[in-house]
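Spelled out, the chains give:
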Amino acid sequence: MKKQVQLATRLTQLGRNVKDQYGFVNGPIYRGSTVVFASVEDLEHSRAAFAYGTMGTPTIKNLEDAWTELAGAAGTVMSPSGLGAISLALMSTLKAGDHLLMPDTVYRPTRKFCDLTLKKFGVTTEYYDPLVGEGIIELMRPETSTLFLESPGSQTFEIQDVPLMTRLARERGIKTIIDNTWATPVFFQAHRHGCDLSVEAGTKYLSGHSDLLMGLVSANAESWPALRATYDSMAMLPGAEDCFLALRGLRTLHIRLQEAQNRALKIARWLAEQPEVKTLLHPAFESCPGHAFWQRDFSGSSGLFSLVLDPAWDKAAVTRMLDGLSLFGMGYSWGGFESLIIPFDCTDYRTATRWTHAGQTLRLQIGLEDPDDLIADLRQGLDRLHAPA
Ligand SMILES: *Cc1c(COP(=O)(O)O)cnc(C)c1O
């Protein structure tokens, strides 16, 4: 990141070169497989800026370079989905016989990739309490090659002590990968906090419009060659239009995150005061486990958080609440312009931690609607909890 201008300014500049674009502000969408060479000599030595579609195009390179600079990394590769990026990162650090440490609060499809696919290739996954801290040392084995982090944790938002965990791993020659989707590099600089690889589901905030699936993996200098080689060996890359949409999303990423932060904080503060809400699981609130690490390491909070309702209400009451909402949609993914809410139950698949809250749990994604409209929708929803069944 160049020092002379602020992040918001850089986001308007990265990944485009007006001089090469006939003066057009945005780069073109390069589609294609074949690249022709000028001579046999050039062909035999792959002497060209681009050699074949799977090895990159100017559109792909624009996005790779922009993300590398934003993330403070040595290099970036993309994948057609966030989950694809996670599996790519894991395959670059793991081999048969290795032991992998995974936080119990990891994004659930990541867990499935470990338990199904990695297991088949001879990798043993062990789940750990994301708040284990120094205790991670006791779980490290001679064959542990990778420590995975996700902070905050999926659904329940535990913040990990990333500098401590990455230092303990590095001292033992263990690679670290973080799923940094919630904060993005705008609010958390993963590599500066010691992570070797950092994954972003671009599907969420980089897209910002729920119209794109994409994953990005950035790496520090030490881990970059293995990541790039793994990527090149599989050639699972996003399409040109998707890279163009991601570059477009990059221009407003900072502003959309600021808006998501402000709106989510306003709504979370209001929710904290409602008698029906027992506990707020939002990293910027003291009630969130690991809040002190968020305060120390992050420069902001995004628009996704959870809450625990008072145990007075059961699943049927929550169904009444959610079914009648008019502005909040119910659906997966997040980071778009529209607000979402889902009920979740993390008790039936986690294995290394015990969930101690008794109330029903909800996850909210705050979009760009007027926050007072969203609050009114939620207040009516909370009122329906009290309605006779
Ligand atoms: C959504 C999400 C992913 C996966 O992204 P997809 O593009 O939907 O595959 C990975 N990690 C986290 C934390 C996510 O929220």
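Residues numbered from 1 in each chain as written. Predicted model: local features only at pLDDT ≥ 70, side-chain atom pairs only at ≥ 80, totals over all residues. Heavy atoms only, no water.

A. Representation of the pattern of salt bridges within the structure. Applying the stated rule across the entire model yields 22 salt bridges. Note that D161 and R296 form a salt bridge whose closest N and O atoms lie 2.7 Å from each other. With D161 in the loop between β4 (144–150) and α7 (162–171) and R296 in helix α11 (residues 291–297), this pair connects stretches of sequence that are 135 residues apart. The exposure class of D161 is buried, given its relative accessible area of 12%. Shared partners join several salt bridges into a network, and the residues in it are R170, K175, D196 and E222. (Salt bridge = Lys/Arg side-chain N within 4 Å of Asp/Glu carboxyl O. Helix = DSSP H or I, 4+ residues; strand = E, 2+ residues; numbered from the N terminus. Buried < 20%, exposed > 50% of the residue type's maximum accessible area, 1.4 Å probe, protein only.)

B. Spotlight on the UniProt feature "modified residue: N6-(pyridoxal phosphate)lysine" (unreviewed entry) in the protein. UniProt annotation of "modified residue: N6-(pyridoxal phosphate)lysine" (unreviewed entry) refers to K204 when read in the numbering used here. Along the chain, the position of K204 falls in the loop between β6 (197–201) and β7 (215–219). Beyond its immediate sequence surroundings of up to four residues, K204 is in contact with T181, S333, W334 and G335. (UniProt positions renumbered as here; feature names shortened; annotations may be inferred. Contact = heavy atoms within 4.5 Å.)

C. Representation of the domain arrangement of the protein in the model. Splitting the protein by domain gives domain 1 (7–251) and domain 2 (253–385). Of note, the centres of domain 1 and domain 2, computed from C-alpha atoms alone, are 27 Å apart. Opposite the 44 residues of domain 1 that make contact, domain 2 presents 43 residues. In terms of surface lost to domain 2, no three residues of domain 1 exceed W182, F187 and Y205, which account for 24% of the buried area on that side. At the surface where domain 1 touches domain 2, the tally comes to one salt bridge. Here domain 1 and domain 2 share 22 residue pairs in polar contact (both at pLDDT 80 or more) between them. (Domains from an automatic or database assignment. Buried area = accessible area lost by both parts, 1.4 Å probe. Polar contact = N/O pair within 3.5 Å; in protein donor to acceptor, adjacent residues only side chain to side chain.)

D. Focus on the sheet that holds β4. Ordered in space as β1-β7-β6-β5-β4-β2-β3, the seven strands form an open sheet in which the pairing is mixed. Of all the strands in the sheet, the pair left with one neighbour each is β1 (75–79) and β3 (124–128). Averaged over all neighbouring strand pairs, the angle between strand axes comes to 20 degrees, with direction disregarded. Relative to β7, β1 runs antiparallel, the two being bridged by five bridges. By the bridge assignment for β7, T76 is matched with S218. Along the sheet face, helix α4 (residues 82–93) touches β1, β2 (99–103), β4, β5 (175–179), β6 and β7 and points at about 165 degrees away from the line of β6. Together, β3, β4 and β5 form the strand contacts of α7, whose direction differs from that of β4 by roughly 175 degrees. (Pairing = 2+ DSSP bridges. Axes fitted to C-alpha atoms, helices over the stretch in contact; angles between N-to-C directions.)

E. Just the environment of H386, in detail. Topologically, H386 is positioned in the segment after α13 (371–385). Counting along the chain gives 110 residues from H386 to E276, while the straight-line C-alpha distance between them is 9.5 Å. When neighbours within four sequence positions are excluded, H386 is seen to be in contact with E276, W313 and R379.

F. How the structure looks around the site of the ligand. Around the ligand, a shell composed of 13 residues is seen, among which G82, L83, D179, T203 and K204 lie nearest. With respect to the ligand, the side chain of K204 contributes an N or O atom lying 2.6 Å from an oxygen atom. When the free accessible area of the ligand is taken as 380 Å², the share hidden by the protein chains comes to 89%. Classifying every residue of the shell around the ligand gives six nonpolar, four polar and three charged. (Near = heavy atom within 4 Å. Areas by Shrake-Rupley, 256 points an atom, 1.4 Å probe, with all protein chains shown as cover. Nonpolar A, V, L, I, M, F, W, Y, C, P; charged D, E, K, R; others polar.)

G. Broad picture of the sheet that holds strand β10 (residues 340–344). Reading across from one edge, β8-β9-β11-β10 is the order of the four strands in this open sheet, with antiparallel pairing throughout. What marks the edges here is a single partner per strand, and that holds for β8 (277–281) and β10. Between one strand axis and the next, the sheet turns by 25 degrees as a mean value, whatever way the strands run. Here β8 pairs with strand β9 (residues 304–309) via four bridges, running antiparallel. Bridge pairing in β9 links L281 to S306. Packing against the sheet, helix α10 (residues 240–272) makes contact with β8, β9 and β11 (361–365), and its axis sits at approximately 5 degrees to β9.

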